[in-house]
Structure formats: structure tokens, C-alpha cells
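Observations on the model geometry
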Amino acid sequence: MLVHSRKGKWATWTVFFVLFLPLFALPLLVIVAASFAGHWSGAFPSDLTAEHYSAATRGESLQALTTSLLTALGASLIALAAGTWAALAAAALKRRGEGTSRLSRGCGRILDALFIMPVAVPSVVVGLAVLVAFSKPPVILNGTSTIVVLAHAILVTAFAYQSVSAAILRLDPAYEQAAASLGARPAYVLWRVKLPLLLPSLTAAAGLCFALSMGELSATMMLYPPDWTPLPVRIYAATDRGATFTGAALAVVLMGATLLVLFAVSRIRTRASYR
Amino acid sequence: MSSGIRTMDSGIRFDSVSVAYGKSVVLDSLDLTVEPGEVMALLGPSGSGKTTALRAVAGFVRPVSGRVFIGGRDVTALPPHRRGIGMVVQQYALFPHLRVEENVAFGLKARKTARADIPGRVADALEMTGMAAYAKRYPRELSGGQQQRVAIARALAIRPGVLLLDEPLSALDAQLRSGMLAELARLHRELPDVSILYVTHDQVEALTLADRIAVMDRARLRDCGTPQELYRAPRTAFTASFVGNANLLPVSVGVGSVSLGGAEVKVDTSGVAAGVSATLCVRPHLVGLGPGPNSLSGTVTEVQWRGATHRVLASVAGHSVKADVRELREPPALGSAVTLHFAPEDAVLLAAGVSDE
Amino acid sequence: MSRSAERLSDGDPVVSAAVEGREPALRDDCPQRTRQVPAFVWALPPLALLGLVFLYPLALVVRQSVRPDTGGTSLEPYADVFASASFREALGTTVWLAVGATVGCLVLGFALALVIAFVPFPGGKAVARFIDVFLSFPSFLITLALLFIYGTKGMANGLWTDATGTAGDGPFQFLTTPWGVLIAEITYFTPFVMRPLLAAFSQIDTAQLEVASSLGARPLRVVRKVILPEALPALAAGGSLVLVMCLNEFGIVLFTGAKDVTTLPMLVYSKAMLESDYPAACVVAVVNIAISVGLYGLYRVVSRRAGA
């Protein structure tokens, strides 16, 4: 379209892959390669071994994986519930027929801003804030797994809120109106029409939240108790003490688990998308 | 109030209904009655307020003043789900996640119809629209015309007293449209008690289907009458041009005739005072080429070939006159002199005061 | 007045009188409003939850930032922190790293997205999907990978020493400097620019480009005159998002393990976790929030204009 000559096209593609492969593909390949390396000081890893994986899938490392999976599951479920509820409420405030008042539209916009704010606040600061707030009475959560799940939920709710809001905006109001004209009350419309139609977006949002929570390090570093160590912290600990190959193996496990869950979620999504 | 609306309440009445968004008035004190069992077409160009009027009946817009009655009951303050209406919109809005039969059953379930009655009523509605064979399909597996039938079945399943149709045929191609038009006419014969409010911008649909037509323009009702009345004897220039694309020519009125740029034209001038200016209205297909009872001389400005007919545009005393004539073997050359004629009884004289300008 | 309107106006006088009487009450006093729960009530439960677990803790951070360990309320912690060299250095490092990474991401992301969208090649869709997957991985993986590539004992240095036969460390020692962080941030955040750009590019009518080139415009001119103006909103939106995320980035800096690269989030972490100086950590946090949320507000305004 833009470049028409065959030579020009090949030149463009060459430049593209010269930039793209080392920058984006190489890092992931290197981590995978390193996870099998017994030794790496030259161009390529040597003494290939699967030992790091056996280390990465037992004992504390295995526990870290389940910790991460449970944390991500809990956080994304909370985020999905809270985010969807808030997004639906904000949408109702912003678009309730043509008679929507300016005040109600303003309230909807404030709700938008508040729920998206956690994206802008540094994760470390969210960790610090949760730590400051829940380390003293009336609610002491410091040192529990709850505080980690809570921080993750706060961080990913914003993303759930954003994607569900966008999906609601795309939802054709004609469906809702057709349902109402057939005699369905608002709650029935929500349950039988709106939520089923939003399902693909909801599962997509759930997948996004899950992946983000799996990789969360910043707030977790401020909060994790010794008996609830998620995988990223474990990767950091391994790398920090010089066990980089073990770190790489753990990282591959993290990526694999994330991809697996994303894939499963996308399967649900294709089954749930009707159009 | 608690019993809601009985399903067979029929008839619609607009009582000075106005709708405005902010300062822009989109429906200006509409007064209109649709009798039980009547098909009323709301005809007008886009932005004329016709869809707004329909949505006011459905409950999706709130009038700033005036009242809407369905079956004699004031529904102005009722939410849509308590109005007991059937509605079909342009894009059908079939629920994509439900099968055809579930779509049709939706309204029945939402209204808590006795579970045992639902399958029978779904089957009836699908039978009536000829879609019984497609009950298990999903909407995406149907053609546009089939989706249209399902949308109608879904609206009819709840046995509404009032059926609202918002440009239901505009998403179909021309061939399907004429078939569906006949279908709608048949459905109405089978459901003689249902009042139908039919919004369209297509005069053919309105003329074919409606018992009466309400012509709307710029948020106001301009004219209302049977198709024959509106077509043969329009009472406003807007109706004349919108329904049938009539020639509108400014004339000054004499006794038993009018003068068009100096030329004498015989028409029925009863009801219009002599000496005033008025508008002469003639349908293009009633204008012929060559001399006749009322002759007008002009110059050909454009000739369009339309298959079976030719449309000749001529400038007569500075005004453009359209004539639709049988296909000509030798169409007149551009710029050549031409004589047009029409029968006195085919013209309608509109007093200036009737015009909406 | 039309015929039907005239006929209606002399309708039932009783009804019209009743209608007249009720007119003023029409807008507010209708069953729909009184029977149904108003929309704002539904917004309250999630709002209360957010307030409890997010807004209230943030407020506590602000409160703690004006409560020095010595007691009382004063701006003393702010004065102390602003006066310290480590804070100023961290602020400077954070800002230049974020700005540098954003510029890098914009240039690189624009170029790459341009090729994917307008010089299509087989597998281009797969590349776009790969970028989506890339976005779902945590940032610190990039630093981890760079350790293997450019680290002291990494691939690049190994290749160099093998090739030149020299003993000792190779020439690539930038990883523990801010440059290492910059490269990692550009790598990780470029996809965040590419995604909105690809969306914007898909909106551009290709006929427009074909017309432009049929009129004799060279590719660079087409990019400048047709594509760039269309992409500007997406670039602005993507750029400000990346700027905020770079300002807040922690994992990349932590994994670099460099003692001399300290950014604001890193400073918050070390003040709170390593020095247990909570008031100072809170001061830095407040500064970081102010910068990030301010910029994010800007991003929202820009992206709303861009329709993103």
C-alpha cells in the first residue's frame, strides 16, 4: 500500500525484523534458553539440563506458583465483580435515557475517574498505602495473604472497570429497549440480556486481570508475608542471590501458567461470543 | 396499576405531546389518534420527529409536556416494560445469544406467562410469520428477511394491543421489501384489533399499508388523512411534494382560472379567493407533452430516461416543471421549445395560507 | 392546523382539563422514579468498597507525610526530603528516564506499527498477536533477559571475548547504568504505543493512501501528510500512558540491581522497607502520585479527544 516496489518492500521488512526480533522475540527466547542452561558464558548456553525445572516445580517454588495462581484468581474475581458493578452503575448514571441530568452525568464521570485512578498511582505506592492503612486497628491485615490479594485486586480493578465500561459503551441500546418493550423489568434485562451479551468482554477482562496479577511485583514486594510468596517475588529472590538460571526457569513457569490461563479464557470467550 | 396493562388494550392517542432535548424541540405538540385496529403511518423525512413520536409511545423518550394514551389509559409516566406494546425496529435487535424460539418466548417469560402456555404461543407466533421451521436457529443464521419475521413474531407473541414498527423494512433490499409489505398487510388482516403505528420515510410503504397517513416535517404534524385524500387532494405544499413529488407552481388566482407567469390555466378555484397568490399542484405523471386543455410553453432543461418512462424537466415562466411520460422514441433536445399540458381536474390549488411556509 | 389536530382538540373536555391540572407534576412525580431505585444508589456499594481499600489508604499516606516521627503535624518531612540529595537525584533520574523511554517508544512504536499496517507481510497478524501476548507478561522479565544478553557474563560479552580472544570482561557494561533501565523500558513499553496506533491505522481508509500515491506523493510524504495527522491522537494517548507507566515502573529498576539507579518508586520502597522511614516514604509517594495522577488526567483528556 505504502511501498510499492518489491525491493523497497523487502528493505522495509528487513529493517522491521532487524528491530523487532532482537527487541521483542530475543528476550523471551533467551529466558527459555537460560532456563535449560547449566552454564552460559559464550554465545550459547552449554551443559543443557532440566534440573532448574525440577527445582522450580517442587517445594517452595511450587508453593509460590500455587500462591500466585490463588492470588490471581482471588484478585481477578473481586476485580471483575467490583469493576463490572461499578461500570454498570456509571453507565446507568451517564446514560439513563435522554432525560439524564447534568448532575448525574457528572457523577458518572467522577466514578470513572475514581475507578481508573489506581492505574495512575504507582503500584509501590498502592502497596505502601495498604500497608499503612491495614497495619493498625481497626483492621490488621499485615502479614496475611489477604493483604496481598487485596492489593492485587485494587490494582487490577481499574483494568476490569475500563474494559467492561468500553464494552457497555459498545453495547447497542436497541437490545435493552427491545427487551423493555417486551415487558422485561430492568433486573430481568440485566440478567437475561445485558450480562450474556457482555460475557465475552467479561471473560476478556478476567483474563487481563489474571495475567496482570500473576506478574505483579511492586506492591507485592511491600506486602508479602513469608508464608505467601508469589512467583515474581521468588524469581527476584533467585536472581538476586545469583541463581539466574533457576530464576529463568521460574519465569518460564510464570509465563507458561499465564498463557495457559489466557488460552483457557479465550476458549470460553469464543464459545460465548455469538456474533 | 398493579395489574399492569391488559394485553388487548388497543388504540393510541397523543395529546399535545412535545419532546425536546435541551432547547431543540424534536416533537412539537403532537395531537393524533390511532383508532383500535387502525394502521397509522407516520411519514416524513429524517429529523421530522416521526421516530420520536413512536419512541414516546414506547416510553423511551419522556415528553416535556402532553400525555400519551394507550387503550384509553394514560401511560405517560409508565416505564416501557409496563406499557404492553410490541415493537419492531429497523435493525430488528434480535437477541444474538438466544435461539429464534427463545427470542419469541422472551417477552412471555419476562411477563411471567404461565409456563405451560409459552410453547403454544411461541409456535402460534412463529406459524403466523412463517418461521416455524427456524425455531432452533440462532439469529445470525438467518437472512435479513427472516430476522425481520422473527422480530415481528417476537413482538406479536405477547399479544400487544399496539404494534410499533420503526422503519421495519428499510434494512431489506427492494425485492424483499415489497414481499414483506404484502406480509404485513396480511398480518394486519389476521389481527384486526391491533393498532399499528408505522414509521417510515417511504411514501410507497405508507400508501400501501396505512389506513391513514400522518405527514410530519420539522417536529410538527403537517397533514393527516387517508392515502387517497393526501395523494389526490393534498392540503399543504409539503404533503404534495413529499407524497408523490408534485410540481408546485406559484400562481395568482382569478375567477375559475389562475395565471402562471401570464399564461391562463383553468382549474377549480373554489375555496380560494380571487386576487390572492396560491400554489398550483400537479403530479408529474399527470403532465403530458404537446398541446392540451391547459397548455404551458417552456424550454427543455433536462431529460432523464427511466426505462419505462422519460422524465422531462422544462422551465415554464422561470419555474421548473416535471413531466413523467411514456418512454419516448425521440426525446426532445435540450433547450428546445416544448408544450406541456394537464387536465384541469388533475390539478389542486393550495391557498397560500395552507402552505406551511 | 391539520384536520386531525382540529378534531382532537375538541375532544373530551374532562380529560383535557385533568391533563392541564397535572401538567407541572409531569417531570418528577412519576411512578418510574419513585418505584425504582435511583441510579446513584447502585453506584454506592462499589464506591464504598473503593473508598475503604484505596482512597482511605491513600489519604492515610498523605496524612502520614505531614506527621514526622517527632510527633505533631508539620511540613518538616517535606523540607527534609526535598533537601536530600538522594531525592533530587531520584526525581531527576525518574523524569529523564521516563521522558527518554517515552520518546524511544513513540519513535520505535510508530515505525513498527507503520510497517505492520501499511507494508503488510504474511504473518503480520501473528506479530500483532505476539505483541498482545507480550503485554500480558510482567516487565521485570525484560531485565532478566537483558541480564543474559548484555550482563557481565552474558551472551554479547561472551561473543566479544570469544571473537577478540581478550581475557576479562567484555565491553557491554551498561546494564547497571540508567541506560540499561532505558533499554528495558523502551522494549517493554513500545507495545503499549503500538496497540492504539494499530487501532488508529486500521481506521485509515487505504483508498486515501492510494489516491495520495497515485497523485505522485512519495511514501515519506504520504506518512507525513496523511498518516501522521490521523495517528497523532493515538500517539499522544499512547505516549502519555507510557510516560505515566515509566514514572511508576519498579520491577525493571529492581531487577537491574544497580545501586546508582534510583527512581521515585524505588526510593519509596527503600525508605519504607529498608530504612523503615515511613514519613519520608510517604512524602516521596505523595510527590510520585502528584506527578503521575496529574499526567494521567492529561492522558484521559487527550485520549477522550482522540476517541480512544
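What counts and how
Residues numbered from 1 in each chain as written. Chains lettered and ligands numbered in written order. Predicted model: local features only at pLDDT ≥ 70, side-chain atom pairs only at ≥ 80, totals over all residues. Helix = DSSP H or I, 4+ residues; strand = E, 2+ residues; numbered from the N terminus. Buried ≥ 20, exposed ≤ 12 C-beta atoms within 10 Å, placed from the backbone. Contact = placed C-beta atoms within 7 Å. Domains from an automatic or database assignment. Nonpolar A, V, L, I, M, F, W, Y, C, P; charged D, E, K, R; others polar. Pairing = 2+ DSSP bridges. Expected span 1.5 Å × (residues − 1). Bend = angle between axes of the 7 residues up to and from the residue. Axes fitted to C-alpha atoms, helices over the stretch in contact; angles between N-to-C directions. Core = buried A, V, L, I, M, F, W, Y, C linked by C-beta atoms within 7 Å.

**A closer look at the overall build of chain A**
A count of helices and strands for chain A gives eleven helices and two strands. When its helices and strands are written in sequence order, chain A yields α-α-α-α-α-β-β-α-α-α-α-α-α. Taking the principal axes of the C-alpha coordinates as reference, chain A spans close to 70 × 70 × 30 Å. Looking at chain A residue by residue over its 275 residues, the buried ones come to 51%. Here the contacts in chain A between residues at least 6 apart in sequence split such that 69% fall between residues at least 24 apart.

**Some points on the domain arrangement of chain B**
Many analyses report the size of an interface as the accessible area lost when the parts associate. As far as domains go, chain B holds domain 1 (12–232) and domain 2 (246–351). Of note, the centres of domain 1 of chain B and domain 2 of chain B, computed from C-alpha atoms alone, are 39 Å apart.

**Here's the deal with the interface of chain A and chain C**
Taken residue by residue, the interface counts 66 residues in chain A and 66 residues in chain C. Here the side of chain A that touches chain C gets 13 residues from one element, more than from any other, and that element is helix α1 (residues 6–35) of chain A. Class assignment of the residues belonging to the side of chain A that touches chain C gives a composition of 52 nonpolar, eleven polar and three charged.

**Quick word on the sheet that holds strand β15 (residues 288–289) of chain B**
The five strands are arranged β15-β19-β16-β17-β18 (chain B) in an open sheet whose pairing can be described as antiparallel. Pairing within the sheet leaves two strands with one partner each, and these edge strands are β15 and β18 (319–326) of chain B.

**Points about helix α10 (residues 178–203) of chain C**
All names here are of chain C. With 26 residues, α10 extends 38 Å between its outermost C-alpha atoms, agreeing within 8% with the 38 Å of an ideal straight helix rising 1.5 Å per residue. Roughly 35° is the biggest bend found in α10, and it falls at Phe189, with proline Pro191 one to four residues downstream. With 19 of its 26 residues buried, α10 lies for the most part within the structure.

**Notes on the sheet that holds strand β12 (residues 257–260) of chain B**
Residue and element names in this part refer to chain B. Strand order across the open sheet formed by five strands is β13-β12-β11-β14-β20, with antiparallel pairing between neighbours. In this open sheet, the two strands that pair with only one neighbour each are β13 (263–266) and β20 (347–351). The average angle at which neighbouring strand axes cross in this sheet is 45°, direction not considered. Pairing analysis gives four bridges linking β12 to β13, with the strands arranged antiparallel. Residue pairing across strands places Leu260 opposite Ala263, the latter belonging to β13.

**Considering the environment of A:Gly143**
Residues and elements named next belong to chain A. If you trace the backbone, Gly143 turns up in the loop between β2 (139–140) and α6 (145–170). You can call Gly143 partly exposed: it has 14 C-beta atoms within 10 Å. When the C-alpha atoms of Gly143 and Pro225 are compared, they prove to be 4.8 Å apart, with 82 residues separating the residues in sequence.

**What to know about the nonpolar core**
One broad trend across soluble globular proteins is that nonpolar side chains are buried collectively. By size, the foremost hydrophobic cluster in this structure holds 291 residues, and its most contacted members are A:Leu128 and A:Cys209. Mapping this core onto the domain boundaries places at least three of its residues in each of domain 1 (12–232) and domain 2 (246–351) of chain B. If we skip the residues at most four places from it in the chain, A:Leu128 touches A:Met222, C:Val61, C:Val268, C:Ala272, C:Ala281 and C:Ala285.

**Some words on the interface of chain B and chain A**
With 23 residues of chain B at the contact, the number on the chain A side is 20 residues. With three residues, the single largest contributor to the side of chain B that touches chain A is helix α2 (residues 100–110) of chain B. Broken down by class, the residue content of the side of chain B that touches chain A amounts to 15 nonpolar, four polar and four charged.

**A few points about the pairing of strand β1 (residues 12–21) of chain B**
Residues and elements named next belong to chain B. Bridge count for β1 against strand β2 (residues 24–34) is seven bridges, and the pairing is antiparallel. Each bridged residue has a counterpart across the sheet, and for Val17 the counterpart in β2 is Leu30. In sequence, β1 turns back onto β2 through a hairpin of two residues, with Gly22 there showing a positive phi of about 60°. Taken together, the five bridges between β1 and strand β4 (residues 65–70) define a ladder with antiparallel strand orientation. Across the sheet, the residue bridging to Ile12 is Ile70, located in β4.

**Things to note about the environment of A:Pro196**
Residue and element names in this part refer to chain A. Summarising the element assignment, Pro196 is placed in helix α8 (residues 186–214). Judged by C-beta crowding, with 18 C-beta atoms within 10 Å, Pro196 ranks as partly exposed. Along the primary structure Pro196 and Ile235 are separated by 39 residues, whereas in three dimensions their C-alpha atoms are 39 Å apart.

**Points about the pairing of strand β16 (residues 294–305) of chain B**
Residues and elements named next belong to chain B. The sheet contact formed by β16 and strand β19 (residues 337–342) spans six bridges and is antiparallel. Bridge pairing links Ser295 to His341 in β19. Where β16 lies against strand β17 (residues 309–316), six bridges are found, and the strand directions are antiparallel. Counterpart to Trp305 in the pairing with β17 is His310. A loop of three residues connects β16 with β17, the two strands running antiparallel in sequence, and Gly307 in this loop sits at a positive phi of about 80°.

**Digging into unusual backbone geometry**
Unlike most non-glycine residues, B:Arg218 shows phi in positive territory, near 45°. Along the polypeptide, B:Arg218 turns up in the loop between β9 (212–217) and β10 (220–225). Judged by the 15 C-beta atoms lying within 10 Å of it, B:Arg218 falls in the partly exposed class. Even without being glycine, C:Ser276 reaches a positive phi, approximately 55°. By secondary structure assignment, the location of C:Ser276 is in the loop between α14 (264–274) and α15 (278–306).

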